[in-house]
There are 2 protein chains.
Amino acid sequence: MVTIKDVAKKAGVSIMTVSRVINGKSNVREDTREKVLKAIEELGYVPNSMARSLVIKKTATIGLVISDVTNPFFTTVARGVEDTAITKHFTVILCNTDENPEKESMYVEVLARNRVDGVIFTSASGKKNPLKSLFIKKIPLVLIDRTIEGLEDVDVVRGDSVLGAYLLTKHLIELGHRRIGIIVGSKTISTAVDRIEGYKRALKEFDIPIDESLIKINDKSKFSKEDGYRLTKELLDMENPPTAIFGGNNLMAVGAILAIRELGLSIPEDISLVSFDDIESLSEVYPFLTVVKQPAYTMGVIATELLIRRIERKDRIKEKREILLKPELVIRKSTAPPKIKN
Amino acid sequence: MVTIKDVAKKAGVSIMTVSRVINGKSNVREDTREKVLKAIEELGYVPNSMARSLVIKKTATIGLVISDVTNPFFTTVARGVEDTAITKHFTVILCNTDENPEKESMYVEVLARNRVDGVIFTSASGKKNPLKSLFIKKIPLVLIDRTIEGLEDVDVVRGDSVLGAYLLTKHLIELGHRRIGIIVGSKTISTAVDRIEGYKRALKEFDIPIDESLIKINDKSKFSKEDGYRLTKELLDMENPPTAIFGGNNLMAVGAILAIRELGLSIPEDISLVSFDDIESLSEVYPFLTVVKQPAYTMGVIATELLIRRIERKDRIKEKREILLKPELVIRKSTAPPKIKN
DNA sequence: CTGAAAGCGCTAACAC
DNA sequence: GTGTTAGCGCTTTCAG
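Residues numbered from 1 in each chain as written. Chains lettered and ligands numbered in written order. Predicted model: local features only at pLDDT ≥ 70, side-chain atom pairs only at ≥ 80, totals over all residues. Heavy atoms only, no water.

### Here's the deal with the sheet that holds strand β6 (residues 180-184) of chain A
All names here are of chain A.
So, point 1. As summarised here, the arrangement of the six strands in space is β7-β6-β8-β9-β10-β12, forming an open sheet in which the pairing is mixed. In this open sheet, the two edge strands, each paired with only one partner strand, are β7 (215-217) and β12 (328-330). Between one strand axis and the next, the sheet turns through 15 degrees on average, direction left out of account.
So, point 2. Bridging between β6 and strand β8 (residues 244-247) involves four bridges; their strand directions are parallel. (Pairing = 2+ DSSP bridges. Helix = DSSP H or I, 4+ residues; strand = E, 2+ residues; numbered from the N terminus. Axes fitted to C-alpha atoms, helices over the stretch in contact; angles between N-to-C directions.)

### Description of the protein's contact with DNA strand C
So, point 1. Of all residues adjacent to DNA strand C, which total 25 residues, the nearest are Arg-20 and Thr-32 of chain A together with Ile-4, Ser-19 and Tyr-45 of chain B.
So, point 2. Interatomic distance of 2.9 Å between a backbone N/O atom of Ser-14 of chain A and a phosphate oxygen of DNA strand C.
So, point 3. With respect to DNA strand C, the side chain of Lys-57 of chain A contributes an N or O atom lying 2.9 Å from a sugar or linking oxygen.
So, point 4. At the level of elements, α2 (15-22) and α4 (49-56) of chain A together with α2 (15-22) and α4 (49-56) of chain B are the ones that each hand at least two residues to the surface near DNA strand C.
So, point 5. A per-class count over the surface near DNA strand C returns 13 nonpolar, eight polar and four charged. (Near = heavy atom within 4 Å. Polar contact = N/O pair within 3.5 Å; in protein donor to acceptor, adjacent residues only side chain to side chain. Nonpolar A, V, L, I, M, F, W, Y, C, P; charged D, E, K, R; others polar.)

### Topic: the protein's contact with DNA strand D
So, point 1. Residues in contact with DNA strand D amount to 25 residues; listed here are only the nearest, Ile-4, Met-16, Ser-19 and Tyr-45 of chain A together with Arg-20 of chain B.
So, point 2. Protein-adjacent atoms of DNA strand D, using a 4 Å cutoff, are sugar or phosphate at a proportion of 65%.
So, point 3. Thr-17 of chain B places a side-chain nitrogen or oxygen 2.6 Å from a phosphate oxygen of DNA strand D.
So, point 4. Note that a phosphate oxygen of DNA strand D is positioned 2.7 Å from one of the side-chain N or O atoms of Thr-32 of chain B.
So, point 5. Those elements that provide at least two residues to the surface near DNA strand D are α2 and α4 of chain A together with α2 and α4 of chain B.
So, point 6. Element by element, the count of residues in the surface near DNA strand D is highest for α4 of chain A, at four residues.
So, point 7. In terms of residue class, the surface near DNA strand D is built from 13 nonpolar, eight polar and four charged.

### Some points on the interface of chain B and chain A
So, point 1. Contacts between the two partners involve 51 residues from chain B, matched on the other side by 51 residues from chain A.
So, point 2. Buried surface at the junction of chain B and chain A, both sides included, amounts to about 4,800 Å², of which 57% is carbon and sulfur.
So, point 3. Interface area lost by chain B to chain A is led by Met-50, Arg-79 and Val-285 of chain B, which between them contribute 15%.
So, point 4. The tally of links from chain B across to chain A stands at six salt bridges. (Contact = heavy atoms within 4.5 Å. Buried area = accessible area lost by both parts, 1.4 Å probe. Salt bridge = Lys/Arg side-chain N within 4 Å of Asp/Glu carboxyl O.)

### Here we look at the side chain of Arg-33 of chain B
Residue and element names in this part refer to chain B.
So, point 1. If you trace the backbone, Arg-33 turns up in helix α3 (residues 30-43).
So, point 2. At a separation of 3.2 Å, a polar atom in the side chain of Arg-33 contacts the main-chain carbonyl oxygen of Lys-25.
So, point 3. Ignoring sequence-local partners within four residues, the contact set of Arg-33 consists of Val-21, Gly-24, Lys-25 and Val-28.

### As for the sheet that holds strand β8 (residues 244-247) of chain B
Residue and element names in this part refer to chain B.
So, point 1. Taken in spatial order, the six strands make up an open sheet running β7-β6-β8-β9-β10-β12, and their pairing is mixed. Only two strands of the sheet have a single partner each, and these edge strands are β7 (215-217) and β12 (328-330). With direction set aside, neighbouring strand axes in the sheet form an average angle of 15 degrees.
So, point 2. Bridge count between strand β6 (residues 180-184) and β7: three bridges; the pairing is parallel. Within β7, the residue paired with Ile-183 across the bridge is Lys-216.
So, point 3. Helix α8 (residues 161-174) rests against β6, β8, β9 (272-276), β10 (290-293) and β12 of the sheet, and its axis sits at about 170 degrees to β9.
So, point 4. In the packing of helix α10 (residues 225-236) onto the sheet, contacts are made with β6, β7 and β8, and the angle to β6 comes to roughly 155 degrees.

### Some thoughts on the packing of aromatic side chains
So, point 1. In total, this model carries five aromatic pairs over all chains according to the counting rule given.
So, point 2. On the numbers, 5.0 Å between centres and 70 degrees between planes, the contact of Phe-73 of chain A with Phe-74 of chain A is edge-to-face.
So, point 3. Exposure remark for Phe-73 of chain A: the relative accessible area of 5% places this residue in the buried category.
So, point 4. The class for Phe-74 of chain A is buried, based on a relative accessible area of 3%.
So, point 5. Taking 5.2 Å as the distance between ring centres and 10 degrees as the angle between the ring planes, the aromatic pair formed by Tyr-286 of chain A and Phe-288 of chain A counts as stacked. Of the two residues, Tyr-286 of chain A and Phe-288 of chain A, both sit in the buried class.
So, point 6. Each member of the aromatic cluster is reached from another via a ring pair, and the members are Tyr-286 and Phe-288 of chain A together with Tyr-286 and Phe-288 of chain B.
So, point 7. The residue whose ring lies beneath Arg-195 of chain A is Phe-276 of chain A, and the NZ or CZ to ring-centre distance is 3.6 Å. (Phe/Tyr/Trp six-rings, centres within 6.5 Å; stacked < 30°, edge-to-face > 60°. Buried < 20%, exposed > 50% of the residue type's maximum accessible area, 1.4 Å probe, protein only. Lys NZ or Arg CZ within 6 Å of the ring centre and 35° of its normal.)

Set out below in structure tokens:
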């Protein structure tokens, strides 16, 4: 393996001079620089970032912890993060937790060991605990999409779930729906709590009594297709089933569609369906689902910018900053007035 | 920052003993181990992977270079890679090149500097050149989805594009189509070349003359939605336009749909459309596009397994291995016999 | 403008 | 079982 030493020997200079050339320091005579560059080229020398990081205590790496890249929402977030990181010369390590608290802790540990300069984190557990090793090492952190209670010194970038859920529910109510089911992930996830709140707020505003049996919460934390499928079936198996369903996120909505179809019902004739979060590749080709859309890419960009600013200490600000992004209601074809008014 | 030294001091042992505990070596007395563990806990010590890597010359990190995580095909590949990597305790660094040769080179350089143990690579340029620093450092490499000519010592995991394109084209021919347009990315990309080959093979088999004007190749290398849109328009603007279009990949097919609709035509009544690669979130909800599906997740898994085996030198094999995965034809609703038989 | 010495946090190899 | 020494590849002083 060729090292800085080999380059120095070949170029007939000290390693310090080579180091200066590599790092583009100005105080090197032009002909020395050229000699060094030539040696680097001939030897095929590639600097070792780890040796460098060990000394300077920076890695130019950030960790991105999300539940699943396969979820279109998170892939867009990830893209925003990566695009932004690269402009600032940061590399990103991607971690999928599948909303599994153990994976969550494991990845945090891996990131801490790798001394990433910062972490962008989507919490599944809603607990601060898994983040322990980051706090100990004082690694800058920004939460994305989901908050965690009682965290200081941590920025949060998220969509306004309360508002989004309110808009979606209101839309349904205005169409005439009174029995609206909602399916969400576990209460440990802030978006689940917020979306239920927005839902309830809309109902209250229209003086519709809240029927807790219409609120289906997945105890196993996930906002997955399978959970959407299962919870929708539970809703439709009720004696007095809802006339509309609110899918807590895009995957749950897909699960709901599958469940509804399997029961031989049609959307929106028999039942209306709305979803939090869009699926772009779907809606482009088949603009069917009525959704509330979040600026996922922008979320990734902002989170990364805030993070890097913290890393570079360009922020004197010490307190927690919370960026709340507005969701956008997109009405398509999956909603219609209910068949029978109740 | 707490180091192994601090732990050693606190536990009243040498740093070597702490190192042994951290690495789970057996030759440490039980009570010493406990003392050390207690000190680690109290101090909140997290081992520094870089210092370790510097000595052992392994990073337990692999690089994954793809064109775009946002493309459902690659997100699934990425998921397969990550899931497999983690079971072997490898971390993955994700790189999106957008099929841009400069980004490609840049990322390879970053990965080489970070001394990743191996790289899984999707080539956009089709050239070996960007991989130079990997070869110099003898970093194990496996190509995924797309091959590069004239590379030894490199495994390739890819779908059988020739077969897939053949199946798709044959399906169209059997429906009665004679003028079939095809849109693909640049010829520097092996899948573009292969898909054209499969297309031609099917035409020849049915004695249909090949009309080169029906073969639209994007010179700017990308297999993107925008390119699909543009090339489709070009095809449909012809004097004697095709009755069916073969989208070179999923994104191009989406672009094609958009272009076709914009011209006021319907699929499959006015024009048939097929696509290489599925979009799962779309087809689940709206099983419309006739496609050839590739086992993306499996590709990621196999590529990672091959790579890690090389990294761990469990393979005595030195020659290039090529894994060719079978595609699967899924006939849905976007294809029908042509209106006018030509 | 250039170089020599020290050390980042850890492990390999060898003592004891 | 446990500790000592050397050194991984680089940058940070500080001399010259």
